[in-house]
Amino acid sequence: MTNLSIYLYRRRQIITRVFISVAFCFSVILLLTHVDLEPEDEQYSSYKVKLKGVDGKTNFGRIVILKHIDGPQNSHGENGASVYLQGEKEKLARRLFEKEAMNVIVSDMIAYNRSLPDVRNPRCEKLLYPKRLPSASIIIIFYNENWSTLMRTVWSVVSNSPSESLREIILVDDFSDRAELGTKLMKYVKDHFLGIRIVRLSSRQGIARARIAGAKAATGDALVFVESHCEVNKHWLIPLLARLAEKPTSVALPVIDSVDEYTFEYTSQGGIVVGGFLWPLHFMWRPIPLEEVKKRNFSTDPVPSPTMSGGLFAINRNYFFELGAYDEGMELWGAENLEMSFRVWMCGGSLDIVPCSRVGHVFRANNPYLLPGGRDTHALNAMRTAEVWLDDYKRLFYNHRSDLMVR
């Protein structure tokens, strides 16, 4: 073989290798930029989807169901219907209700992923949302929550949230002492899901500090706080994330429907109402002011709300920490929702109710959890909120809570 033939042969080999390398790299790029909506494995019933966050970073959303839903499989409570008991079960439910402030017998009878009525405005189905939305970290705080109620919260989030937007679910255990919320919960989550994490706190911290712990563990663009006795409804998540994309300093609130604490009937709130407060710093619902009604073009437009009712809201993660997060000096329970509401509005943000996002919440008649030393933590937190945020208006607070002036 002549020198020229050898040269041409080697040159052809080099060109072939370069071509193969380029083709391989191009294939990898295509694979990484492709949104794959095919199951990764036959045993999985969810998907791994590449997400572009609002900051341009890449996140891989992955909530994978490894094992089909278990628990009760029957028609009790389907479509959000009431469940009624008779005889000995009814007597037992009444006794347990005094401790739990909800009917745990009925809750245990209802499927974890029961169907709910679609109570949204019909116009919600016609709305179009941006394709590029923040990825969501769902944060669920719990303390000695009833097992079936907690499971229904988790499964409703998994079942009604689009995988392309769901970055992760974080369960924050605020030092529960119920046996089933320990090893049993860890095993259940491990056996049934990928993408759900449990954060265990080493001592009782209360709502504010527990939510901060969940936020610090989160990796999504948006933090979506959900209470541990809720059922999220159809297409609840995208409208909240769309509001955050539209206005990064917004705190997006779903419309909160009622899940009856005794029959577990899911009931639509009906017309939209906004949050307010009484001067002792107790939350209350109020009608939308007439001037705000006149500003709205459509019934599905967001509605500004002076306050939020509790732990159901979405906020951009960076903005949450820019605000200073929650006040870490807040004690176990009470008034943290008003403190956060004042913080948001007075620091340039807004609270916006998003009518096309609906979440059912079990409204209990009383707080079933013991507070250390029998302390009135709501009063302590309310006083702290008044001192920090109300300036001269704190006199109105003390007019109603003169007993706190000596503390």
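What counts as what
- Residues numbered from 1 in each chain as written.
- Predicted model: local features only at pLDDT ≥ 70, side-chain atom pairs only at ≥ 80, totals over all residues.
- Heavy atoms only, no water.
- Helix = DSSP H or I, 4+ residues; strand = E, 2+ residues; numbered from the N terminus.
- Buried < 20%, exposed > 50% of the residue type's maximum accessible area, 1.4 Å probe, protein only.
- Polar contact = N/O pair within 3.5 Å; in protein donor to acceptor, adjacent residues only side chain to side chain.
- Contact = heavy atoms within 4.5 Å.
- pLDDT = per-residue confidence, 0-100.
- 1 Å grid on protein atoms, 1.4 Å probe; cavity = no way out; pocket = protein on both sides within 12 Å on 5 of 7 lines; lining within 4 Å.
- Points joined across faces, edges and corners; volume = space filled by probe spheres on them.
- Phe/Tyr/Trp six-rings, centres within 6.5 Å; stacked < 30°, edge-to-face > 60°.
- Lys NZ or Arg CZ within 6 Å of the ring centre and 35° of its normal.

Enquirer: So what about the side chain of N381? Which residues, and what values?
Expert: Mapped onto the elements of the fold, N381 is located in helix α11 (residues 377-389). Classification of N381 by relative accessible area gives buried; the value is 1%. Within the structure, N381 has its side chain in polar contact with the backbone nitrogen of E331 (distance 2.8 Å). The contacts of N381, once residues within four sequence positions are left out, are M330, E331, W333, G334 and A335.

Enquirer: Can you lay out the confidence of the model for the protein chain for me, pointing to particular residues and giving the numbers?
Expert: Low pLDDT means the predicted atomic positions in that stretch should not be read closely. Here the protein chain averages 85 in pLDDT, while 83% of its residues score no lower than 70. The low-confidence segment residues 22-61, where pLDDT is below 50, has 68 contacts with residues more than four positions distant or belonging to other chains.

Enquirer: Residue-level account of empty space enclosed by the protein, with values.
Expert: Any empty space left between the atoms is revealed when a probe the size of a water molecule rolls over them. A full pass over the atoms with the stated rule returns two cavities of 30 Å³ or more. Quantified by volume, the largest cavity comes out at close to 100 Å³. Lining the largest cavity we find 16 residues, and of these L253, P254, I256, W285 and I353 sit closest to its centre. Element by element, the count of residues in the lining of the largest cavity is highest for strand β10 (residues 250-259), at four residues. One number sums up the size of the second largest cavity: a volume of about 30 Å³. Lining the second largest cavity, in full, are T149, R152, H229, C230, E231, V259, F264 and V362. Put simply, the parts of the chain that give the lining of the second largest cavity at least two residues each are α4 (147-160) and β9 (230-232).

Enquirer: Tell me about the packing of aromatic side chains, residues and numbers included.
Expert: Following the criterion strictly, the structure yields eleven aromatic pairs and no others. Aromatic side chains F277 and W279 sit 5.5 Å apart centroid to centroid with 90 degrees between the ring planes, which places their arrangement in the edge-to-face category. Judged by its relative accessible area of 27%, F277 is partly exposed. Arranged with centres 5.2 Å apart and planes meeting at 80 degrees, the rings of F320 and F321 form a pair that is edge-to-face. The buried category is assigned to F320, whose relative accessible area is 0%. Site record: aromatic cluster; members linked through ring pairs are F225, F313, F320, F321 and Y326. Over the ring of W147 we find K184, and its NZ or CZ is 4.3 Å from the ring centre.

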